[in-house]
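# Remarks on the overall topology
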Amino acid sequence: MFVLADLKDTIRIPPEQFHLKLPDAIKDEINRKLANKVLLNVGLCIALRDIKKLGDSIILPGDGASHTVVHYRYIVFRPMIGEVLTAKIRSCSREGVHVTLGFFDDILIPATALQHPSRYEEAEQAWVWEYPLEDGGHHDLFMDINNPIKFKVTGETFEESSPIGPPVGDEANSANAADPKVPYRITGAINESGLGLLSWWDQQNQDDDENVDPEEETEEPFDENE
């Protein structure tokens, strides 16, 4: 889920920070610049791990600040494709289930990647898994907000999100105005055994435990009709 990214940058230290030791001033500036920011095709920056190398510091004409080339490693959030994560349901829409890790919200489990068959309940604003029963019926399992959910990472999308000025004139009220871009988005799936709400499988494990005869050495299910 977290990786170390090797990065290189020129760090500017203003004169008012010259009283600090250079490594400390550079660490503060790197974290101020990158913490909780998304780097294109790298991931969500969390915290500085260490500085590997400091170049010479120079002062450019017309600028009293120092400029130092720095090689460093940064802790980055970027889960691997196929990795299984545990999060919480943030909301549901016809698009799918939106989940959050607390520090990262842009995760979508599309409707096509939910357990089958599932349906969307407009009144409840929730997706429902129609869990099949042996008698041919089904039992509704609701995917409610704040419930812990386990999902598999199936994709990621990076987008350029350079800052732009606010809309002017009619653009400010236009329905066609572009929505803010999400710089980093993760797509997940729960349509496999063991994935989905943790409560689903906890309940199943409890039911399985209740059907096991503690006097038996084997782990075969206990048949109530015997």
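Residues numbered from 1 in each chain as written. Predicted model: local features only at pLDDT ≥ 70, side-chain atom pairs only at ≥ 80, totals over all residues. Heavy atoms only, no water.

## What about the overall build of the protein chain?
When helices and strands are tallied, the protein chain shows two helices and 13 strands. Taking all 226 residues of the protein chain together, the buried fraction comes to 30%. At a minimum sequence separation of 6, the contacts of the protein chain that also span at least 24 residues come to 63%. Taken as a whole, the protein chain presents about 14,600 Å² of accessible surface, with 49% of it coming from carbon and sulfur. (Helix = DSSP H or I, 4+ residues; strand = E, 2+ residues; numbered from the N terminus. Buried < 20%, exposed > 50% of the residue type's maximum accessible area, 1.4 Å probe, protein only. Contact = heavy atoms within 4.5 Å. Areas by Shrake-Rupley, 256 points an atom, 1.4 Å probe, with all protein chains shown as cover.)

## Notes on unusual backbone geometry
Here the amide bond leading from His 116 into Pro 117 is cis, since omega sits at 0°, within 30 degrees of zero. Along the polypeptide, Pro 117 turns up in the loop between strand 7 (107–110) and strand 8 (118–121). Even without being a glycine, Asn 36 presents a positive backbone phi close to 65°. Counting through the fold element by element, Asn 36 comes out in the loop between helix 1 (22–34) and strand 2 (38–39).

## As for the packing of aromatic side chains
Scanning the entire structure with this criterion turns up ten aromatic pairs. Between Phe 158 and Tyr 184, the aromatic rings sit 4.4 Å apart at their centres with planes inclined by 10°, giving stacked as the arrangement. Highlighted residues: Phe 158 in strand 11 (residues 148–158) and Tyr 184 in strand 12 (residues 184–189), separated in sequence by 26 residues. (Phe/Tyr/Trp six-rings, centres within 6.5 Å; stacked < 30°, edge-to-face > 60°.)

## Quick word on the sheet that holds strand 10 (residues 138–143)
Ordered by their spatial adjacency, three strands build an open sheet running 8-9-10, and the pairing between neighbours is antiparallel. Unpaired on one side and paired on the other, strand 8 and strand 10 mark the two borders of the sheet. When strand polarity is set aside, the average angle formed by the axes of neighbouring strands in this sheet is 30°. In the sheet, strand 8 pairs with strand 9 (residues 126–132) via four bridges, with the strands oriented antiparallel. Counted as the bridge partner of Arg 119 is Val 128 from strand 9. (Pairing = 2+ DSSP bridges. Axes fitted to C-alpha atoms, helices over the stretch in contact; angles between N-to-C directions.)

Any functional reading would require information that these geometric values do not contain.
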